[in-house]
There are 4 protein chains.
Amino acid sequence: MAPGVAEEQIAEVASRLRLMGLAVHRSDERGRIVLGVVGDLGSLDVDDVRHLPGVQEVVRISAPYKLASRAFRAEPTLVMVRNTVVGGNRIAVMAGPCGVESEEQVEETAVAVAAAGATILRGGAFKPRTSPYTFQGLGEEGMKILRRVADRHDLAVVSEVLDTQHVAIAERWVDILQIGARNMQNFALLREVGRTRKPVLLKRGMSGTIEEWLMAAEYVLAGGNTQVMLCERGIRTFETAMRNTLDLSCVPLLHQLTHLPVVVDPSHAVGVRDKVPPMALAAVAAGADALLIEVHPHPERALSDGAQSLDPPLFVDLMRRMQAVAVAVGRTL
Amino acid sequence: MAPGVAEEQIAEVASRLRLMGLAVHRSDERGRIVLGVVGDLGSLDVDDVRHLPGVQEVVRISAPYKLASRAFRAEPTLVMVRNTVVGGNRIAVMAGPCGVESEEQVEETAVAVAAAGATILRGGAFKPRTSPYTFQGLGEEGMKILRRVADRHDLAVVSEVLDTQHVAIAERWVDILQIGARNMQNFALLREVGRTRKPVLLKRGMSGTIEEWLMAAEYVLAGGNTQVMLCERGIRTFETAMRNTLDLSCVPLLHQLTHLPVVVDPSHAVGVRDKVPPMALAAVAAGADALLIEVHPHPERALSDGAQSLDPPLFVDLMRRMQAVAVAVGRTL
Amino acid sequence: MAPGVAEEQIAEVASRLRLMGLAVHRSDERGRIVLGVVGDLGSLDVDDVRHLPGVQEVVRISAPYKLASRAFRAEPTLVMVRNTVVGGNRIAVMAGPCGVESEEQVEETAVAVAAAGATILRGGAFKPRTSPYTFQGLGEEGMKILRRVADRHDLAVVSEVLDTQHVAIAERWVDILQIGARNMQNFALLREVGRTRKPVLLKRGMSGTIEEWLMAAEYVLAGGNTQVMLCERGIRTFETAMRNTLDLSCVPLLHQLTHLPVVVDPSHAVGVRDKVPPMALAAVAAGADALLIEVHPHPERALSDGAQSLDPPLFVDLMRRMQAVAVAVGRTL
Amino acid sequence: MAPGVAEEQIAEVASRLRLMGLAVHRSDERGRIVLGVVGDLGSLDVDDVRHLPGVQEVVRISAPYKLASRAFRAEPTLVMVRNTVVGGNRIAVMAGPCGVESEEQVEETAVAVAAAGATILRGGAFKPRTSPYTFQGLGEEGMKILRRVADRHDLAVVSEVLDTQHVAIAERWVDILQIGARNMQNFALLREVGRTRKPVLLKRGMSGTIEEWLMAAEYVLAGGNTQVMLCERGIRTFETAMRNTLDLSCVPLLHQLTHLPVVVDPSHAVGVRDKVPPMALAAVAAGADALLIEVHPHPERALSDGAQSLDPPLFVDLMRRMQAVAVAVGRTL
């Protein structure tokens, strides 16, 4: 409470907090009055308390997310998809092109990545593009292509949904619903995927804090869908030498705060092919549970993001090197 | 082109650009080769060129947005809504509570803000909340309340849509469709409001660059909806002393780059009541075409964002002071 | 304290805090243990407590700066320099070229800015330049030029010091010692200017938080020099459309937190001439106590920062408009 | 050039550039005029050209640093210090306390880190502290302690200089002069260490871009001191869950742009002990040439930064794990 606060103001604040079902504990020390609040704070907006008359500062001690927290579930969540487990000792690899262009392109990629050891095929069917005038993806047709190709090679499929109306379509064809960075706080979409029972790959927003990201996961979990993976793909900072700044330190931090598996996407973060392998290796060393890597059979002909796609030989080489680093940190790949 | 590039690579790059319908002009100077490209670049993704073999760097000289640019339309766009024009000499004021709570609350607010000179009533019916456990708004019922109250006081209504499925609902009840900061790059939603003929208030994303913001406006304009207003509401920076950093310098910059009107929302940016008036005055001085201000009849009882809401007496006082600054910079309010 | 902390750990933490001369108060509620700490926290590094065994979180409630705080001094500090007072009702204007190039250039500028109503002449003699190969300033000779010209026109002089060894030189020739953004946390330099009795203009670092900035002022104040002005000049954010992002919301925030006058430098923030006037007007409306504006008699010939310099006619026009806005917000200029 | 620019303006701009010794090449295409400029651009400030009448945009194609660039020197620079080489296949480890507190403390640390395989002892004697009221270091006495202890264990010493007046002192006692993050653009200090022939460890500023950082290195190199190491220690972003955001992607980027060795300091970046090991392993995997790690014999008693210091057993364990990752990526440690 502010210095010199009136007793009535203290009583008023305490009374309002109690009305919200919270326990309030008062402590006076050398004229400084602090009200401690304990209870279910999920419905409390700290800013709504901060402005009550007589309040100087509100400090939140417990985290606002519950289902996503380690306190709620101490054991790591294992996300099961086809014959892959994400979140265990074995590091999973999701690989494929940025955008689905044709069945031939996806087939060629799938052959290569499956042979190299990837078990999940990625590919964009609904594409978020900054400009309304660029290629926007093949839509449902792209998802069907992914499904057919993946089934031929015993791979699972991850693909992005951009809108609530895409979710039912995607449920038919893909194994993992991806929420892109621009939609991390598209709450309607989060609720919609929370209603499904498909695993969700939730990318971090360009300026999403760790806490906001976990709250976004909470939207999915609150719908009853417990199969959520968090995917770091670079944050926006003042540095423009790279497309984004890959925040690998979030990996150990998330492992402390949450039981959900952590995936790293180095391709979107760095934006140029030759920087992808060192950052993929670093992600493995930092403790990532899975990697999401763009692979295109002919990057120079890709309709989108070719600059950051590995070709199959580079991907094979990277898999070999990631394997070595995984072993060095006590895991497999 | 990179130093030492082979002639075949140059020819290949030039050929690919020409296939996209572009004119290519080669310039050689002291061994440095530069290809100048002119034409309709709307469908060109710079990153897709950057990675072609032999290319060292790609520099875009013209802006990627067209319909939003001053080059496309030199005269300012005037957005007409009920009896207000946004974008002319008179500065418009949009005021009201963060969230619609009840008809009484909205009525009390509308009486006050209309008397003080505001002509547009704001209020959230679908609320984007960081936590799934906090108040999420009254939905369509909230929009009906806004409509009824606004009609009684001859006000227009602005309210937010969060999802493509909200757009048809909002079209029935509100005059201006607001796209919130978290949805600045929700491309499905942008397309959907682009199909309507309702004015759109497009808020800047927390980490949205000026260019991305104008590209988001381009999505709406490309759908044939020309009535777009841009609303600065604070960006996310390293500074956490305020909720966000209000970037007022975007106002004169936008007036140079685009013909669309610029609105400033100081309430969300600063997050505390007593900082709203100085930033509102500064926005007027910087050249804003409209202000969006949170007003609540009883901020201390607000269910959301009460901390940043002005009460009616503070709002009346601010209107008087904004009027004085508007006159000082040659405008009216 | 962490959940399940042992009693010995609590005792150990409390004992260490008491050894630092602090009062410690324990509060237990539903198994949650909080230690409240009251006393002179100036010498306490929060991070040093955070890692003690059993501690979960440390929250600082009082500000770490003292001499700079409103709590220490409620009345605004008035900085007196020649016949100007900075911090009172009248807004002061500091104007001049980015860099001192010649006596003719400075003379021509001084004639123009004095006639327009500026009372403090600015000019860089020691120049911080990103590249070692660009013009580094005239050094002491530049300061002598500023002195001679200023004396002819009854102006005060503000100029930057880059190093502890410049301070004694600058003390001889200038009235206000400027600490540039890159040196905001050059603690040796802050101590050195704190030893003088010359007013100090302390620019905010490119990524300096409000708190770090006030702590930097505290270094000067702790040396016994009470004449400190804080100068906002734009912060570094993800947005690169402008050179920097001018954070005008810091003006009202600083007026709440500190008694020191607040100066705004729009020229460095926006980096282009035509954006300077709107941001200068906005700064006046936001409550700035002084403006720092680059003026050059022939901007197109300036050796540095010509792009953001106003020429004399533009400056005269801006002074007239700032005067109007100042009156509108109840001040003079 | 701007659309519709007059021929005289083009001639004037071209003439001014030629006066600076540059070659100018004009290209006209569909009414768009571009002037290509080739030559020694070291002394050209892009902003000074941007504002010339008729100029619309200036795009720099070559990098502004020369001595630091790969183009200047293709082979990696090897920094030699005592019996360590930084920049070769073997990864070097610099370890020790944040601040020198006593000879006992340093001795105890040195015994431990030398036994674990570190070859360079770090320790702060002149400490940059945000507050003027916290422990500021032992100064020259601290450097003497480092020297005596290091000599007993055949270690080299790295320690920070904060001011030009510290450099001569440090030259007597230490082997590597460290420039801290807050002084990355303290140009007077950079020049001063450039005059010495001691290796320099140049930390990246909190908001220092890669280009500014290389330009800061250029200041040292331009003085004739070729022994410069670049040290990433975390940048300031919107994310506050960690003290700073460790930007590991700068490691491969720097290896492409410059021949200088790259050091990573995970301790300052993450700020908490248990996140240091994963980020140290990630740094090795990303290609760092050396690691700078805080080690304290009794972190819980450290006067500064104890929270992020490893104790000797944790450090021994980390060395073993870094060794394994180094081997996995084809290096030694």
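Residues numbered from 1 in each chain as written. Chains lettered and ligands numbered in written order. Predicted model: local features only at pLDDT ≥ 70, side-chain atom pairs only at ≥ 80, totals over all residues. Heavy atoms only, no water.

**Student:** Is there a simple way to think about the overall build of chain A in this case?
**Tutor:** In terms of helices and strands, chain A carries 11 helices and 12 strands. Along the longest, intermediate and shortest principal axes, the C-alpha atoms of chain A span 75 × 45 × 35 Å. Residue burial in chain A is summarised as follows: out of 333 residues, 63% are buried. In chain A, the share of contacts with a sequence separation of at least 24, taken over all contacts with a separation of at least 6, comes to 67%. Accessible surface, chain A: about 11,200 Å² in total, of which carbon and sulfur atoms supply 53%. Between the averaged position of the 36 positive side-chain charges in chain A and that of its 39 negative side-chain charges there is a distance of 2 Å. (Helix = DSSP H or I, 4+ residues; strand = E, 2+ residues; numbered from the N terminus. Buried < 20%, exposed > 50% of the residue type's maximum accessible area, 1.4 Å probe, protein only. Contact = heavy atoms within 4.5 Å. Areas by Shrake-Rupley, 256 points an atom, 1.4 Å probe, with all protein chains shown as cover. Lys, Arg positive; Asp, Glu negative; His and termini not counted. Charge placed at Lys NZ, Arg CZ, Asp CG, Glu CD.)

**Student:** Looking at this structure, how should I read the sheet that holds strand E5 (residues 92-96) of chain D?
**Tutor:** Sheets are built from strands that pair by backbone hydrogen bonding, the pairs being arranged parallel or antiparallel. Residues and elements named next belong to chain D. If you trace the 8 strands once around the closed barrel, you get E5-E6-E7-E8-E9-E10-E11-E12, paired in parallel fashion. Across the sheet, the mean angle separating the axes of adjacent strands is 25 degrees when strand polarity is ignored. Bridge count for strand E9 (residues 200-203) against strand E10 (residues 228-232) is 4 bridges, and the pairing is parallel. Residue Leu 201 lies in a different strand from E10, and its bridge partner there is Met 229. The strands touched by helix H4 (residues 140-152) within the sheet are strand E6 (120-122) and strand E7 (156-160), with E7 carrying the most contacts at an inclination of about 165 degrees. Along the sheet, helix H7 (residues 210-222) makes contact with E9 and E10, crossing E10 at roughly 155 degrees. (Pairing = 2+ DSSP bridges. Axes fitted to C-alpha atoms, helices over the stretch in contact; angles between N-to-C directions.)

**Student:** Explain the relation of the copies chain A and chain B here, please?
**Tutor:** For these two chain copies, the linking operation is a rotation about an axis paired with a shift along it. Least-squares fitting of chain A to chain B yields an RMSD of 0.1 Å, with the superposition described by an axial translation of 0.0 Å and a rotation of 180 degrees. Taken together, the rotation angle and the small translation identify this as a two-fold axis. Taking C-alpha positions as reference, the residue of chain A nearest the rotation axis is Ser 207 of chain A, located at 3.0 Å. Looking at chain A, 100% of its interface residues are interface residues in chain B too, so the copies touch through the same face. (Least-squares fit on C-alpha atoms with pLDDT ≥ 70 in both.)

**Student:** Hey, could you run me through the sheet that holds strand E10 (residues 228-232) of chain A in this one?
**Tutor:** Residues and elements named next belong to chain A. Taken in spatial order, the 8 strands line up as E5-E6-E7-E8-E9-E10-E11-E12 and close into a barrel, and their pairing is parallel. Taking the axes of each pair of neighbouring strands and ignoring which way they run, one obtains an average angle of 25 degrees across the sheet. One ladder, built from 2 bridges, connects strand E11 (residues 262-264) with strand E12 (residues 290-294); its direction is parallel. If you follow Val 263 over to E12, its bridge partner there is Ala 290. Along the sheet, helix H4 (residues 140-152) makes contact with strand E6 (120-122) and strand E7 (156-160), crossing E7 at roughly 165 degrees. Together, E10 and E11 form the strand contacts of helix H8 (residues 250-257), whose direction differs from that of E11 by roughly 165 degrees.

**Student:** Please explain the packing of aromatic side chains as it appears in this structure.
**Tutor:** Centre-to-centre distance and the angle between the planes together describe a pair of aromatic rings. Counted according to the given criterion, the structure contains 4 aromatic pairs over all chains. Ring centres of Phe 187 of chain D and Tyr 219 of chain D lie 4.7 Å apart, and the angle between their planes is 25 degrees; on these two criteria the pair is classed as stacked. Residue Phe 187 of chain D is found in helix H6 (residues 187-195), and its partner Tyr 219 of chain D is found in helix H7; the two are separated by 32 residues along the sequence. Since its relative accessible area comes to 6%, Phe 187 of chain D is described here as buried. Above the ring of Tyr 133 of chain A, the side-chain terminus of Lys 66 of chain B is found at 4.8 Å from the ring centroid. (Phe/Tyr/Trp six-rings, centres within 6.5 Å; stacked < 30°, edge-to-face > 60°. Lys NZ or Arg CZ within 6 Å of the ring centre and 35° of its normal.)

**Student:** Honestly, the confidence of the model for chain A in this entry has me stumped. Any pointers?
**Tutor:** Regions with low pLDDT carry predicted coordinates that are not meant to be interpreted in detail. Averaged over every residue, the pLDDT of chain A is 91; the share at 70 or more is 96%. The ipTM, which scores confidence in the relative placement of chains, is 0.88 for this predicted complex, and the corresponding pTM is 0.89. (pLDDT = per-residue confidence, 0-100.)

**Student:** Looking at this structure, I do not really get the side chain of Glu 160 of chain B. What am I missing?
**Tutor:** Residues and elements named next belong to chain B. Summarising the element assignment, Glu 160 is placed in strand E7 (residues 156-160). No salt bridge is formed by the buried Glu 160, whose closest oppositely charged neighbour, Lys 127, lies at an N-O distance of 5.7 Å. Among the polar contacts listed, one links the side chain of Glu 160 to the backbone nitrogen of Gly 180, at a separation of 3.5 Å. Excluding residues that lie within four positions of it along the chain, Glu 160 makes contacts with Phe 126, Pro 128, Met 143, Gln 178, Gly 180 and Asn 183. (Salt bridge = Lys/Arg side-chain N within 4 Å of Asp/Glu carboxyl O. Polar contact = N/O pair within 3.5 Å; in protein donor to acceptor, adjacent residues only side chain to side chain.)

**Student:** What is the right way to look at unusual backbone geometry in this model?
**Tutor:** Glycine aside, residues mostly have negative phi, and peptide bonds are mostly found in the trans state. Even without a glycine there, the phi angle at Arg 82 of chain A is positive, about 50 degrees. Position of Arg 82 of chain A relative to the elements: it lies in the loop between strand E3 (79-81) and strand E4 (84-86).

**Student:** Explain the nonpolar core to me, please; I cannot follow it from the model alone.
**Tutor:** In globular proteins that are soluble, nonpolar side chains generally tend to be buried together. Core analysis: the biggest nonpolar cluster contains 160 residues, and Phe 315 and Met 322 of chain B together with Phe 315 and Met 322 of chain C have the highest contact counts within it. Sequence-distant contacts of Phe 315 of chain C, defined by excluding residues within four places in its chain, comprise Val 93, Ala 95, Val 113, Ala 116, Ala 118, Ile 293, Val 295 and Leu 310 of chain C. Judged by nonpolar contacts, the second largest core, of 159 residues, contains Ala 150, Leu 221 and Ile 293 of chain A together with Leu 248 of chain D. (Core = buried A, V, L, I, M, F, W, Y, C linked by side-chain atoms within 4.5 Å.)

**Student:** For this particular structure, what's the right way to read the pattern of salt bridges?
**Tutor:** When the charged atoms of two side chains lie near each other, side chains of opposite charge can form a pair. Taken as a whole, this structure holds 80 salt bridges over all chains when the rule is applied. Taking the shortest distance from any N to any O, the salt bridge between Arg 82 of chain A and Asp 154 of chain A comes out at 3.0 Å. Taken as a pair, Arg 82 of chain A in the loop between E3 and E4 and Asp 154 of chain A in the loop between H4 and E7 lie far apart in primary sequence, 72 residues in all. Among the residues examined, Asp 154 of chain A registers a relative accessible area of 41% and is labelled partly exposed. Close ionic contact of Arg 152 of chain B with Glu 103 of chain B constitutes a salt bridge, the shortest N to O distance being 3.0 Å. With Arg 152 of chain B in helix H4 (residues 140-152) and Glu 103 of chain B in helix H3 (residues 103-116), the pair connects residues that are 49 residues apart, well separated along the chain. Judged by relative accessible area, which is 46%, Arg 152 of chain B ranks as partly exposed. Taken together, the shared-partner salt bridges connect Arg 82, Arg 147, Asp 151, Asp 154 and Asp 175 of chain A into one network.

**Student:** Sorry if this is basic, but what is going on with the packing of helix H3 (residues 103-116) of chain A against helix H11 (residues 312-328) of chain A here?
**Tutor:** A pair of packed helices is captured by two measures, namely the crossing angle of their axes and the spacing between those axes. All names here are of chain A. Between H3 and H11, whose axes approach to 9 Å, the crossing angle comes to 15 degrees. One way to sum up the angle between H3 and H11 is to call them roughly parallel. Like other packed secondary-structure pairs, H3 and H11 cross with a definite hand, here right-handed. In this structure, H3 uses Ala 112, Val 113 and Ala 116 to contact H11, whose residues at the interface are Pro 312, Phe 315, Val 316 and Met 319. (Parallel < 35°, antiparallel > 145°, perpendicular 65-115°, else oblique. Left-handed = near helix turned anticlockwise from the far one by under 90°.)

**Student:** Looking at this structure, I do not really get helix H11 (residues 312-328) of chain C. What am I missing?
**Tutor:** Side chains that are three or four residues apart share a direction in an α-helix, a result of its 3.6 residues per turn. Along its 17 residues, H11 of chain C runs 24 Å from first to last C-alpha, staying within 8% of the 24 Å computed at 1.5 Å per residue. Regarding H11 of chain C, the residues found buried are Pro 312, Phe 315, Leu 318, Met 319, Met 322, Val 325 and Ala 326 of chain C. Seen from one end, H11 of chain C has its buried residues packed into an arc of 130 degrees, which puts them on one side. Pointing more than 90 degrees away from the buried face of H11 of chain C are the exposed residues Pro 313, Arg 320 and Val 327 of chain C. In this fold, the buried residues of H11 of chain C make contact with helix H11 (312-328) of chain B together with strand E5 (92-96), helix H3 (103-116), helix H10 (276-286) and strand E12 (290-294) of chain C. Among the residues of H11 of chain C, the N-terminal cap falls to Asp 311 of chain C, whose side-chain oxygen and the backbone nitrogen of Leu 314 of chain C are separated by 3.1 Å. (Expected span 1.5 Å × (residues − 1). Arc of directions from axis to C-beta.)

**Student:** How should I be thinking about helix H5 (residues 164-173) of chain C in this particular structure?
**Tutor:** Of the residues making up H5 of chain C, those classed as buried are Thr 164, His 166, Val 167, Ala 170 and Trp 173 of chain C. Buried positions in H5 of chain C, seen along its axis, are confined to an arc of 140 degrees and lie on one side of it. Opposite its buried face, H5 of chain C presents the exposed residues Ala 168 and Arg 172 of chain C, each directed more than 90 degrees away. On the buried face of H5 of chain C, the contacting elements are helix H4 (140-152), strand E8 (176-179) and helix H6 (187-195) of chain C together with helix H5 (164-173) of chain D.

**Student:** What exactly am I supposed to notice about the pairing of strand E8 (residues 176-179) of chain A here?
**Tutor:** All names here are of chain A. Every second residue of E8 is oriented toward a common face, with Ile 176 and Gln 178 on one face and Leu 177 and Ile 179 on the other, all of them buried. Note that E7 and E8 share 3 bridges and pair parallel. Within E8, the position partnered with Glu 160 by the bridge is Gln 178. The β-α-β motif built from E7, the intervening helix H5 (residues 164-173) and the parallel element E8 has right-handed crossover chirality. As judged from the 3 bridges shared by E8 and strand E9 (residues 200-203), these two strands associate in the parallel manner. Opposite Gln 178, over in E9, you have Leu 201 as the bridge partner. (Right-handed = clockwise from strand over helix to strand, strands pointing away.)

**Student:** I'm lost on the pairing of strand E12 (residues 290-294) of chain B in this one. Help?
**Tutor:** As a general feature of sheets, a regular strand has side chains that alternate between the two faces. In terms of burial, E12 of chain B is largely enclosed, as 5 of its 5 residues are buried. With burial as the criterion, each face of E12 of chain B is covered, one bearing Ala 290, Leu 292 and Glu 294 of chain B and the other bearing Leu 291 and Ile 293 of chain B.

**Student:** Whenever I open this one, the interface of chain A and chain B confuses me. Can you help?
**Tutor:** The parts lose accessible area when they come together, and the size of an interface is often stated as this lost area. Each partner contributes to the interface: chain A provides 50 residues, whereas chain B provides 51 residues. With both chains or domains summed, chain A and chain B bury close to 4,100 Å², and 48% of this area falls on carbon and sulfur atoms. Broken down residue by residue, the surface that chain A buries against chain B is led by His 51, Tyr 133 and Arg 236 of chain A, which jointly contribute 15%. Across the chain A-chain B interface, the total number found is 2 salt bridges. Residues Glu 212 of chain A and Arg 236 of chain B are paired through a salt bridge, measuring 2.6 Å at the closest nitrogen-oxygen approach. The interface formed by chain A and chain B holds 23 residue pairs in polar contact (both at pLDDT 80 or more) in total. Broken down by secondary-structure element, the contributors of at least two residues to the side of chain A that touches chain B are helix H2 (46-50), H5, helix H6 (187-195) and helix H7 (210-222) of chain A. Element by element, the count of residues in the side of chain A that touches chain B is highest for H7 of chain A, at 5 residues. Grouping the amino acids of the side of chain A that touches chain B by side-chain chemistry returns 16 nonpolar, 17 polar and 17 charged. (Buried area = accessible area lost by both parts, 1.4 Å probe. Nonpolar A, V, L, I, M, F, W, Y, C, P; charged D, E, K, R; others polar.)

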